Amino acid sequence: MSGSARERPGAVLFVCRQNVVRSPMAAAIARHLFPQSMYVRSAGVRPGDPDPFTVAVMAEIGIDLSKHRPKALEDLDDMNFDLVVTLAPEAHHKVLDLSRTEALDVEYWPIIDPTATSGSRAQILDAYRAVRDELERRIRARFGLPPAERAAG
């Protein structure tokens, strides 16, 4: 990519497998960074159950996801998005299938699923933080904001 970011879309949908970790994090970060200039939604291939680790690591950066309720793609009113960002292989395949009948601009950002992390609570939280920070980095780079300067915690 050249020195400037690509044109910022007006409506973005983030999609992952169950809409409990990656896509709600991405949508919340994008809404936080672009509150007036971008319509943002999230969905999953199928809805899962809310994830307390997601809520915890987002609260650390001042974003409240405690009221997020996972949604499936089929739960959305329409698919009129300028860009659909898929965050998991299953989501990418599902959206590509939809793009056969819908005019969708699709980007795949492979993001590791932190729910597969085992170990202590601290290790699991670190995995979720890594996903959160990677999503923020990608959103800032893709939509034209400088990298975040966050104090090391």
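## Observations concerning the sheet that holds strand β4 (residues 106-108)
Point 1. Read from one edge of the open sheet, four strands run β2-β1-β3-β4, paired in parallel fashion. The open sheet has two edge strands, β2 (39-44) and β4, and neither has a second partner. If you compare each strand with its neighbour and ignore which way they point, the axes differ by 20 degrees on average.
Point 2. Where strand β1 (residues 11-16) and β2 come together, six bridges link them in parallel fashion. Along β2, the bridge assignment pairs leucine 13 with arginine 41.
Point 3. Helix-sheet contacts for helix α1 (residues 22-33) involve β1 and β2, and the interaxial angle to β2 is about 175 degrees.
Point 4. Those strands touched by helix α4 (residues 121-143) are β1, β3 (83-86) and β4, and its axis lies near 150 degrees from that of β1.

## Looking at unusual backbone geometry
Point 1. Despite not being glycine, asparagine 19 has its phi angle at roughly 60 degrees, a positive value.
Point 2. Examined against the element boundaries, asparagine 19 turns out to sit in the loop between β1 and α1.
Point 3. Of the residues examined, asparagine 19 reaches a relative accessible area of 0% and is grouped as buried.

What counts and what doesn't
- Residues numbered from 1 in each chain as written.
- Predicted model: local features only at pLDDT ≥ 70, side-chain atom pairs only at ≥ 80, totals over all residues.
- Heavy atoms only, no water.
- Pairing = 2+ DSSP bridges.
- Helix = DSSP H or I, 4+ residues; strand = E, 2+ residues; numbered from the N terminus.
- Axes fitted to C-alpha atoms, helices over the stretch in contact; angles between N-to-C directions.
- Contact = heavy atoms within 4.5 Å.
- Buried < 20%, exposed > 50% of the residue type's maximum accessible area, 1.4 Å probe, protein only.

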